[in-house]
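Each chain, written out:
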Amino acid sequence: MSNDCLVIAGRSFRSRLLIGTGKFPSSSALKAAIAASGAEIVTVALRRVDLSQAEHDDLLSAVDPAKQLLLVNTSGARVAEEAVRLARLARASGLEPWVKLEITPEPRYLLPDPVETLKAAAMLVKDGFVVLPYIQADPILAKRLEEIGTATVMPLGAPIGSNRGLRTRDLIRIIIEQSHVPVVVDAGLGAPSHAAEAMELGADAVLVNTALADARDHGAMARAFALATEAGRLGYLAGLGPQRSTAEASSPLTGFLDVKE
Amino acid sequence: MNVIINGDAREVETGVTVVGVLALFGLAPGIVLVQINDEIVNRTRYAETVLAEGDRVELVRFIAGG
């Protein structure tokens, strides 16, 4: 288990829990969550500077680039070209060319657009980026992305921020079965048990944000997710027993004492 | 001269550089990414990059996000 690393694009990570930095009430809450999670990959976003008010540089103080790889997402992009532009901007800042590709044209469910995502992924791979695409749990799409050279696929468990768990379980199982790149279950994981469930299915990693930001104790929840992720991984590696529709006795059903009254 | 910064028309001094524009808004060059007319400006060239009339400038920064 100590050698059981997550490898993405040739780079090894000990932690299989990736975390998003959004929606935390303060940078100290975020800092506590990052520390307790043990995460080595954390996501950030890019936005226009709001020129109407003073800006505070809270976020970057909570992240330690020596310990965590900053994974820029393309949230806010509605079409491929916008996502590619965001990724290039991030790279121009001197960050490593890793990008969480996320194209969500409609705001109610924030579901990723498969057509634009595939198109952007091809452009970004060609441009030398390590691409981690956020996708619907679509096994065919996952295959197509793998074929064009994405570093992972990141199917959703449920809509972003919904905390509803692994609603796409059966499709994620197929993606895991077919994938030759790491499968990172992203979005919708609301409880540590959800992370464990994804890992038990054989996911390579999980990405969690809202569940941590929503918690009363951010550090404790991050620790709970870290433990659940590791427990699920161990369970997967150890080999889960088959499910049966009838009982199978755990104690022998033979050799009873012959009790006489 | 007139330029567009983050979608809003603004009047700035002729010959102003990217560093000058950032200073107008109290922004440290280290935290802002700049794009002019859809071209990304390399961070090392903020001091020497001069704006021209009608330029569309985008100032972008990292924020928290999933």
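Above this text is the structure in question.
Everything numeric in this text was worked out from a predicted model, so none of it was measured.

S.K.: Help me out: how do you make sense of the overall build of chain A in this one?
M.R.: Of regular secondary structure, chain A possesses nine helices and 10 strands. By principal-axis analysis of the C-alpha atoms, chain A measures approximately 90 × 40 × 40 Å. Per-residue burial over chain A gives 49% buried out of 261 residues. Intrachain contacts of chain A at a sequence separation of at least 6 include 65% that bridge at least 24 residues. When the accessible surface of chain A is split by element, carbon and sulfur atoms take 51% of a total near 12800 Å². Looking at charge distribution, chain A has the averaged site of its 27 positive side-chain charges lying 2 Å from that of its 30 negative ones.

S.K.: Before we go on, may I ask you to explain helix H1 (residues 27–37) of chain A in this structure?
M.R.: Each α-helix winds once per 3.6 residues, and so residues spaced three or four apart point in a common direction. Residues and elements named next belong to chain A. Those residues of H1 that fall on the buried side of the exposure criterion are Ala29, Leu30, Ala33, Ile34 and Ser37. Angular distribution of buried residues about the axis of H1 spans 135°; they occupy a single face of the element. Of the exposed residues in H1, those oriented more than 90 degrees away from the buried face are Ser28 and Ala35. Trailing H1 by a residue or two, Gly38 shows a phi angle of about 70°, which is positive.

S.K.: Hey, could you run me through the interface of chain A and chain B in this one?
M.R.: Accessible area lost upon the coming together of the parts serves often as the stated size of an interface. Contacts between the two partners involve 27 residues from chain A and, on the opposite side, 23 residues from chain B. When residues of chain A are sorted by the area they lose upon contact with chain B, Arg48, Leu51 and Leu89 of chain A head the list and together hold 30% of the total. Across the pair Arg48 of chain A and Glu58 of chain B runs a salt bridge, and its minimum N-O distance is 2.7 Å. Across the side of chain A that touches chain B, the residue classes tally to 11 nonpolar, eight polar and eight charged. As defined by bridge partners, strand E4 (residues 41–48) of chain A adjoins strand E5 (residues 56–64) of chain B across five bridges and the pair is classed as antiparallel. The partner of Val44 of chain A across the bridge, within E5 of chain B, is Ala64 of chain B.

S.K.: Can you help me understand the nonpolar core in this one?
M.R.: Generally speaking, a soluble globular protein has its nonpolar side chains buried in company with each other. Counting 80 residues, the largest nonpolar core has Leu46 and Val206 of chain A together with Val34, Leu51 and Leu59 of chain B as the members making the most contacts within it. A total of seven residues in this core trace back to one element, the largest contributor, which is helix H3 (residues 80–92) of chain A. Residues in contact with Val206 of chain A, not counting those within four places in the same chain, are Arg16, Leu17, Leu18, Val184, Val185, Leu189, Ala195, Ala198, Met199 and Thr229 of chain A. The next biggest cluster of nonpolar side chains, apart from the first, holds 15 residues, and it includes Leu6, Ile8, Leu18 and Ala205 of chain A.

S.K.: Please clarify how the pairing of E5 of chain B should be interpreted in this entry.
M.R.: Taken residue by residue, a regular strand's side chains alternate between the two faces of the sheet. All names here are of chain B. Note: strand E1 (residues 2–5) against E5, two bridges, orientation parallel. Paired with Ile4 across the bridge in E5 is Arg56. Bridge count between strand E3 (residues 32–36) and E5: five bridges; the pairing is antiparallel. Among the inter-strand pairings, Val32 is bridged to a residue of E5, identified as Arg61.

S.K.: I tried to follow the environment of Arg14 of chain A on my own but got confused; where do I start?
M.R.: Residue and element names in this part refer to chain A. By secondary structure assignment, the location of Arg14 is in the loop between strand E2 (11–13) and strand E3 (17–20). Since its relative accessible area comes to 66%, Arg14 is described here as exposed. A sequence separation of 10 residues divides Arg14 from Asp4, and the C-alpha atoms of the two residues are 7.3 Å apart. In contact with Arg14, other than residues within four places in its own chain, are Cys5 and Glu40.

S.K.: Which parts of the structure should I look at to understand the packing of helix H7 (residues 192–201) of chain A against helix H9 (residues 218–238) of chain A?
M.R.: Helix packing for two helices is described by the angle between their axes and how far apart those axes are. All names here are of chain A. Relative orientation of the contacting elements H7 and H9 amounts to 25°, with a least axis distance of 7 Å. Between H7 and H9, the crossing angle belongs to the class labelled roughly parallel. Taken as a pair, H7 and H9 cross one another with a handedness that is right-handed. On H9, the residues touching Pro192, Ala195, Ala196, Met199, Glu200 and Leu201 of H7 are Met221, Ala224, Phe225, Ala228, Thr229, Gly232, Arg233 and Tyr236. A breakdown of the residues in the contact of H7 with H9 according to their chemical character gives 10 nonpolar, two polar and two charged.

Reading guide: rules and limits
Residues numbered from 1 in each chain as written. Chains lettered and ligands numbered in written order. Predicted model: local features only at pLDDT ≥ 70, side-chain atom pairs only at ≥ 80, totals over all residues. Heavy atoms only, no water. Helix = DSSP H or I, 4+ residues; strand = E, 2+ residues; numbered from the N terminus. Buried < 20%, exposed > 50% of the residue type's maximum accessible area, 1.4 Å probe, protein only. Contact = heavy atoms within 4.5 Å. Areas by Shrake-Rupley, 256 points an atom, 1.4 Å probe, with all protein chains shown as cover. Lys, Arg positive; Asp, Glu negative; His and termini not counted. Charge placed at Lys NZ, Arg CZ, Asp CG, Glu CD. Arc of directions from axis to C-beta. Buried area = accessible area lost by both parts, 1.4 Å probe. Salt bridge = Lys/Arg side-chain N within 4 Å of Asp/Glu carboxyl O. Nonpolar A, V, L, I, M, F, W, Y, C, P; charged D, E, K, R; others polar. Pairing = 2+ DSSP bridges. Core = buried A, V, L, I, M, F, W, Y, C linked by side-chain atoms within 4.5 Å. Axes fitted to C-alpha atoms, helices over the stretch in contact; angles between N-to-C directions. Parallel < 35°, antiparallel > 145°, perpendicular 65-115°, else oblique. Left-handed = near helix turned anticlockwise from the far one by under 90°.

So yeah, pure geometry; function would need other evidence.
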